[in-house]
Amino acid sequence: MNSALHWSTAAPPSWARRWRQRLWRVAPVDRAPVVLRHRRIYILPTRRGLALIATLSIMLLTSMNYALSLGHALTFLVTGLFAAALLQTWRNLAGIAVSPLAAGEAFAGGAITFTLSLANAGAPRYGIAVSTREGPAVSIDLPAGATRPVQVTLIAPRRGRVALGRVTLSTDYALGLWRGWAYVHFPLAGIAYPAPQSPPPPLPPGLEGSDARRSARAADAELAGLRDYHPGDALNRIAWKAVARGAGWYTKQFEGSGGGGTLQFNWAELPQNLDPEARLSRLCAWTLAAEREARSFGLNLPGTDLPPGSGAGHRRTALTALALFPTGPAS
Amino acid sequence: MILAPDTAAPLARPQLAWLAALVLLAQLPLWPYLPLWVAAAGSGLTAARLLLPADRLPSPRLRRWLLPVLALAVAIGVRWHYGYLLARDPCVAYLYVLVGIKYLEAKGARDGGVLVCLALFLTLTQYFYAQSITAAAVTLPVVLVLGGVLASLRTAPGANSGVRAPLIATARMLAQGIPLAALLFIVFPRLAGPLWSAPMSAGARTGLSETMAPGTISELSLSDAVAFRVDFSGPPPAPALRYWRGPVLSRFDGLNWSALSLPSSGEFTAATSRSIEYTVTMEPNNRPWLFALEQATSLPRPAWDEALTSASSGRVLARLTYDRRLLANVPVAQAIRYTQRSALGDRFAAAGNFETRDNLQLPRKNPRTVAFARELRGRSASDRAYIAAVLDWFHNEPFVYTLAPPPLAGDGVDEFLFDTRRGFCEHYASAFVVLLRAAGIPARVVTGYQGGEINPTGGYMIVRDSDAHAWAEALLDGSWQRLDPTAAVAPSRIEGGLGAALPQGEPVPYLARLDMTWLKNLQLHWDAVNYQWQRGVVGFNVQRQQDVLRDLGLDGAKPWQIVALVATLALGWGLAILALARRRHSRLDPALASWTRLGRRLARAGLPRRPTEGPLHYAQRAAARWPQWGAVLYRIGENYAQLRYGPRDARREELLSSLRSSLASLPGARTLRGSAREST
């Protein structure tokens, strides 16, 4: 698949590109929902299926040689079973509608969770394995008419956007003799924040107020208000009461009333001998510490200036800015 | 949501149980054909692994070197038992035990896959020995369990989906596969001869042999086994004319008769009476002769289409020797079916003068018989008068026709004729021929079958081993004349069969008795079914295949045309199965089927349902897009929501019909796309 991606840079003729896209779904251009149909579903015998084919061939040769009529009958009966198993495998995959639901975030080196939704309008499906280009496959059963979320994870190697990439849905239901699979490639990407520096460095001095007040705890924070819920918001910040009332999904925002003064994290003020990634790591660790202590902070990066603020949304904005900070021209 | 199963995990208990069921079911039908120790070892190993707790079994490390040693020991044992290893029977025996050994050492799902293949092939090997309806019937459970094994092997080791569900699923797939299997069975090319000539093991040889000692035929007569079945193209001949000629015995050592070795070919003589035509289906007996009514006027030809006139094949199955035996090209190891023509008659021209010499030989034994013969011949005017006198003597003296004669030794014929006077047909035929030869008349013993029973169910004749018979032939005036001394002693044997001729209290085989009990009736019905099975399924060979293809109008088709036809039919089969499955599913949940149809139609019109969207929301969104159909769309959404989430009461039918009619009143996707209002 990587090699397939590399080819695309060589600008092959358009028909070849079209066919490669159709066969291998190399580009993330699928639009939700993708309903698995014959154009996407591939089926080949499994290793066990191939062994059975070999056995059936030997049985056929034996039956022919010894003119065993019942031998022919047995061979063809199992061949019929084998063929019917192919249809079962195909039916188990065909008609499933796949949609992207959410892409998670993580720190570099951690696992990003992507959530897909599998909708089954037809008969029950069994043992649908969903796998990414790496990481373990997860297997799921879909009852008739059910829609189920499936979560797959990818290890984020470094900060930045992490594309989900091509997802393979496969199944060897009912007899394990055939493996049917289909590719879906959504433009879905999660975000990997820089790995926070460890152990966490001490916070820089605040803009105002004294260090003594910095010990204020998050518990002292006051509810500042509600804002619209965004996927990925911390569960303990969701206004569950509002959800229960049916008023909609909101996320609670806290203002660090008793917290220390506003902090300002400046790229430029970091020691000059730190390389850019180490700087981002430290800024990330500071952001987390500030958030943990419910203090408001501002972030200043070359090209980005985030005014002071607090809360999950602010934290996310800051971390995203760090994650997407361009590597090259920064230093 | 679970992680996909790990294929390297050790086999779990349910998987082992499934595999054991498969292995034992595959082994079971072979038990009667294997040496006892092989049968016990193969199945014992399987049972041991299944029944013993894991900690009582040898450790895996011990097993790793123990099992190859065991396999080698079994190979030596099989070699010792059969005398050779690389032939069919020892290979079957070895495979049988090997499956047990493999089961004992099976560790993961991969070993399970190997076992499946081995067990499947082992199942096939039973057809070397029997292709009966019973053999087919015991195969079906094997295939069902095969599905169960495969289903259990692909699941996670911890999961146990029970026994019923996988069996039902497999049965359904088998039923789906049967049309394809039948198609392949009919059109897949059959071979006229073997691809390779494997060393054939000598199967159990049954039926008549080329030697006859006192007791040979009476022993055979105790069996109800079917020797062959006959379809007559006209009315069957009268019982007294049903002489089925088999081995002809000319050599005599004083007690035993044997056939001349490798006699040269003979020629048919002109038929003296009208020929009758019939088709014989012989059970395998591993003997090299075919049977025909006296006297054969044609060589047996492979039977198909019931037509001897079919000129398409000059193939014959046997040659005629000058003593009028039909010697098959190969021993009859499988049921064969041949068409034969005969002119009913009891005489035919001799091949030449050399036959006189062959058929006068007598050992210097049985002095009383020789003296009696010379004395009686001296009193008779001619050979014919002498023969009549001998037959009269048999008829008038107190000879007894019995299945249990006293044993004879030394001058057996003397003892029989003058002391014991109790014997079966072989005693009478033997003594009679000795009496003729002693009087200078060339004569010989003919063995075969006499009689046959018409099965009213199928309208064909069954000839059983209990109809085995021996009679005599004398060379008179250049012609061989059939003479049956048994007819002089027990005339009812010839007219009514064994059951009519034997005295009360003799152990007549059940089916040879005269009383038609319901059980015998049932047996005849079963035989008719078996016969059809034999003809239609087991006997489905090159000829019958051509026959069927001709009936289908495909006899002139080129191979690629047949392949194309099969491919088309297979494709049609797949589409039909998928369509049937879809219909079955929509019958299961009609509301969901309608809702899915709506979703598909609106998606084609440009408004796919979002994965998280409920019916009411979706209907609302659709109604906003197509206000002119808003009411209908709302109704569909509400009906479906009611059906899916509402109470299961009597209103469901009403809701369902409303849902369906609303869906029917909605225009197609193309119209909808054309009339969509631009909105968000």
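Residues numbered from 1 in each chain as written. Chains lettered and ligands numbered in written order. Predicted model: local features only at pLDDT ≥ 70, side-chain atom pairs only at ≥ 80, totals over all residues.

1. Some words on the overall build of chain B
1) Next: On a plain count of helices and strands, chain B comes out with 24 helices and 21 strands.
2) Next: The C-alpha atoms of chain B give 36 Å as radius of gyration, which overshoots the globular expectation for 680 residues (26 Å, by more than 25%).
3) Next: Overall, chain B is about 130 × 65 × 50 Å in size when its C-alpha atoms are taken along their principal axes.
4) Next: Out of the 680 residues in chain B, the part that is buried amounts to 38%.
5) Next: Taking contacts inside chain B between residues at least 6 apart in sequence as the whole, the part at least 24 apart equals 74%. (Helix = DSSP H or I, 4+ residues; strand = E, 2+ residues; numbered from the N terminus. Rg over C-alpha atoms; globule rule 2.2 N^0.38 Å. Buried ≥ 20, exposed ≤ 12 C-beta atoms within 10 Å, placed from the backbone. Contact = placed C-beta atoms within 7 Å.)

2. Remarks on the overall build of chain A
1) Next: The secondary structure content of chain A amounts to seven helices and 17 strands.
2) Next: By residue count, 42% of the 331 residues in chain A fall in the buried class.

3. Remarks on the sheet that holds strand S21 (residues 479-483) of chain B
Whenever strands of a sheet pair, they do so through backbone hydrogen bonds, lying parallel or antiparallel.
All names here are of chain B.
1) Next: As summarised here, the arrangement of the six strands in space is S9-S4-S17-S20-S21-S14, forming an open sheet in which the pairing is antiparallel. Each end of this open sheet is capped by a strand with a single partner; those strands are strand S9 (292-293) and strand S14 (347-349).
2) Next: The pairing of strand S4 (residues 243-249) with strand S17 (residues 443-450) spans five bridges and is antiparallel. The residue bridging leucine 249 from the neighbouring strand is valine 445, located in S17.
3) Next: Along the sheet, helix H13 (residues 425-438) contacts S17, strand S20 (468-476) and S21; its crossing angle with S20, the most-contacted strand, is approximately 15°. (Pairing = 2+ DSSP bridges. Axes fitted to C-alpha atoms, helices over the stretch in contact; angles between N-to-C directions.)

4. Thoughts on the interface of chain A and chain B
1) Next: At the interface, 53 residues of chain A touch 53 residues of chain B.
2) Next: Mapped onto the side of chain A that touches chain B, the elements with two or more residues apiece are helix H3 (47-65), helix H4 (69-93), strand S5 (111-120), strand S7 (138-142) and strand S8 (147-155) of chain A.
3) Next: The leading source of residues in the side of chain A that touches chain B is H4 of chain A, at 18 residues.
4) Next: Each residue belonging to the side of chain A that touches chain B can be placed in one class, and the counts come to 34 nonpolar, 16 polar and three charged. (Nonpolar A, V, L, I, M, F, W, Y, C, P; charged D, E, K, R; others polar.)

5. Quick notes on the environment of proline 247 of chain B
All names here are of chain B.
1) Next: You can see proline 247 is positioned in strand S4.
2) Next: Residue proline 247 is classed as buried on the basis of its C-beta count, with 25 C-beta atoms lying within 10 Å.
3) Next: The spatial distance from the C-alpha of proline 247 to the C-alpha of phenylalanine 291 is 9.0 Å, given a sequence separation of 44 residues.
4) Next: Not counting residues up to four positions away in its chain, the partners in contact with proline 247 are Leu208, Glu210, Ala259, Trp289, Arg325 and Thr447.

6. Here we look at the domain arrangement of chain A
By convention, interface size is frequently given as the accessible area that disappears when the constituent parts associate.
All names here are of chain A.
1) Next: Domain assignment breaks chain A into domain 1 (21-193) and domain 2 (211-221 + 256-323).
2) Next: Inter-centroid distance (C-alpha atoms) of domain 1 to domain 2 is 44 Å.
3) Next: Listed as interface residues are five residues of domain 1 and, on the opposing side, six residues of domain 2.
4) Next: Tallying contributions element by element places strand S12 (residues 189-193) first for the side of domain 1 that touches domain 2, with three residues. (Domains from an automatic or database assignment.)

7. Let's talk about the domain arrangement of chain B
1) Next: Assigned domains within chain B: domain 1 (13-162), domain 2 (211-512) and domain 3 (589-674).
2) Next: A C-alpha centroid distance of 85 Å is found between domain 2 of chain B and domain 3 of chain B.

8. Quick word on the packing of helix H1 (residues 13-27) of chain B against helix H4 (residues 88-105) of chain B
All names here are of chain B.
1) Next: Relative orientation of the contacting elements H1 and H4 amounts to 170°, with a least axis distance of 10 Å. Put simply, H1 runs roughly antiparallel to H4. On H4, the residues touching Leu19, Ala20, Val23, Ala26 and Gln27 of H1 are Tyr96, Val99 and Tyr103.
2) Next: Here the residues of the contact of H1 with H4 are counted per class, giving seven nonpolar, one polar and no charged. (Parallel < 35°, antiparallel > 145°, perpendicular 65-115°, else oblique.)

9. Focus on the nonpolar core
Residues and elements named next belong to chain B.
1) Next: One finds Leu290, Ala429, Phe432, Leu435, Val445 and Ala472 to be the most contacted residues of the largest nonpolar core, which totals 82 residues.
2) Next: Sorting elements by how many residues they give to this core places H13 first, with ten residues.
3) Next: Those residues in contact with alanine 429, other than ones at most four positions away along the chain, are Val445, Ala470, Trp471, Ala472 and Pro485. (Core = buried A, V, L, I, M, F, W, Y, C linked by C-beta atoms within 7 Å.)

10. Quick notes on the sheet that holds strand S7 (residues 275-282) of chain B
Residues and elements named next belong to chain B.
1) Next: Reading across the sheet, the six strands line up as S10-S13-S7-S3-S19-S18 and stay open at both edges, with antiparallel pairing between neighbours. The open sheet has two free edges, formed respectively by strand S10 (301-302) and strand S18 (453-455), since each of these has just one partner strand.
2) Next: Examined bridge by bridge, strand S3 (residues 226-232) and S7 share five bridges and lie antiparallel to one another. Counterpart to arginine 229 in the pairing with S7 is threonine 281.

11. Overview of the environment of glutamate 277 of chain A
1) Next: For glutamate 277 of chain A, the location among the structural elements is in helix H6 (residues 276-292).
2) Next: Along the backbone, glutamate 277 of chain A and proline 200 of chain A are 77 residues apart, and their C-alpha atoms lie at a distance of 15 Å.

12. Digging into the packing of H6 of chain A against helix H7 (residues 312-323) of chain A
All names here are of chain A.
1) Next: Look at H6 against H7: their axes get within 10 Å of each other, and the N-to-C directions meet at 175°. Taken together, the axes of H6 and H7 lie roughly antiparallel to each other. Contacts from Leu280, Leu283, Cys284, Thr287 and Glu291 in H6 reach Arg315, Ala318, Leu319 and Leu322 in H7.
2) Next: Tallied by class, residues from the contact of H6 with H7 come to six nonpolar, one polar and two charged.

13. With respect to the confidence of the model for chain A
Residues and elements named next belong to chain A.
1) Next: Of the residues in chain A, 87% have a pLDDT of 70 or more, and the chain-wide mean is 84.
2) Next: Put simply, helix H1 (residues 2-8) is where chain A has its lowest mean pLDDT, 45, and strand S2 (residues 42-45) is where it has its highest, 96.
3) Next: Predicted confidence for residues 1-8 stays below pLDDT 50, and this span has nine contacts to residues more than four positions away or in other chains.
4) Next: Contacts from residues 209-220, a stretch scored under 50 in pLDDT, to residues over four places away or in other chains number twelve contacts. (pLDDT = per-residue confidence, 0-100.)

14. Considering the environment of leucine 104 of chain B
All names here are of chain B.
1) Next: Within the fold, leucine 104 resides in helix H4.
2) Next: Residue leucine 104 is classed as partly exposed on the basis of its C-beta count, with 19 C-beta atoms lying within 10 Å.
3) Next: Note: C-alpha distance between leucine 104 and leucine 67 (37 residues apart in sequence) is 8.5 Å.
4) Next: Apart from residues no more than four positions distant in its own chain, leucine 104 is found in contact with Leu45, Arg49, Arg63 and Leu67.

15. Re the pairing of strand S6 (residues 125-131) of chain A
Residues and elements named next belong to chain A.
1) Next: Where burial is concerned, most of S6 is hidden: five out of the seven residues are buried.
2) Next: Bridge count between S6 and S7: four bridges; the pairing is antiparallel. Along S7, the bridge assignment pairs valine 130 with valine 138.
3) Next: Here S6 folds back onto S7 in antiparallel fashion, the turn holding six residues, of which glycine 135 has a positive phi close to 80°.
4) Next: In the sheet, S6 pairs with strand S10 (residues 167-171) via three bridges, with the strands oriented antiparallel. Residue pairing for S10: alanine 129 is matched across the bridge by serine 170.

16. Notes on unusual backbone geometry
1) Next: A cis amide bond, omega -5°, links serine 198 of chain A with the succeeding residue proline 199 of chain A.
2) Next: Along the chain, proline 199 of chain A turns up in the loop between S12 and strand S13 (222-228).
3) Next: Cis geometry is found at the peptide bond from glutamate 294 of chain B to glutamine 295 of chain B, where omega equals -10°.
4) Next: Note on placement: glutamine 295 of chain B falls in the loop between S9 and S10.
5) Next: Notably, alanine 67 of chain A is not glycine yet its phi reads approximately 50°, a positive angle.
6) Next: Summarising the element assignment, alanine 67 of chain A is placed in the loop between H3 and H4.
7) Next: By C-beta crowding, alanine 67 of chain A is classed as buried, having 20 other C-beta atoms within 10 Å.
8) Next: Even without glycine at this site, arginine 324 of chain B takes up a positive phi of about 65°.
9) Next: Its location among the elements puts arginine 324 of chain B in the loop between strand S11 (318-320) and strand S12 (326-328).
10) Next: Accessibility expressed as a C-beta count within 10 Å gives 22 for arginine 324 of chain B, which makes it buried.

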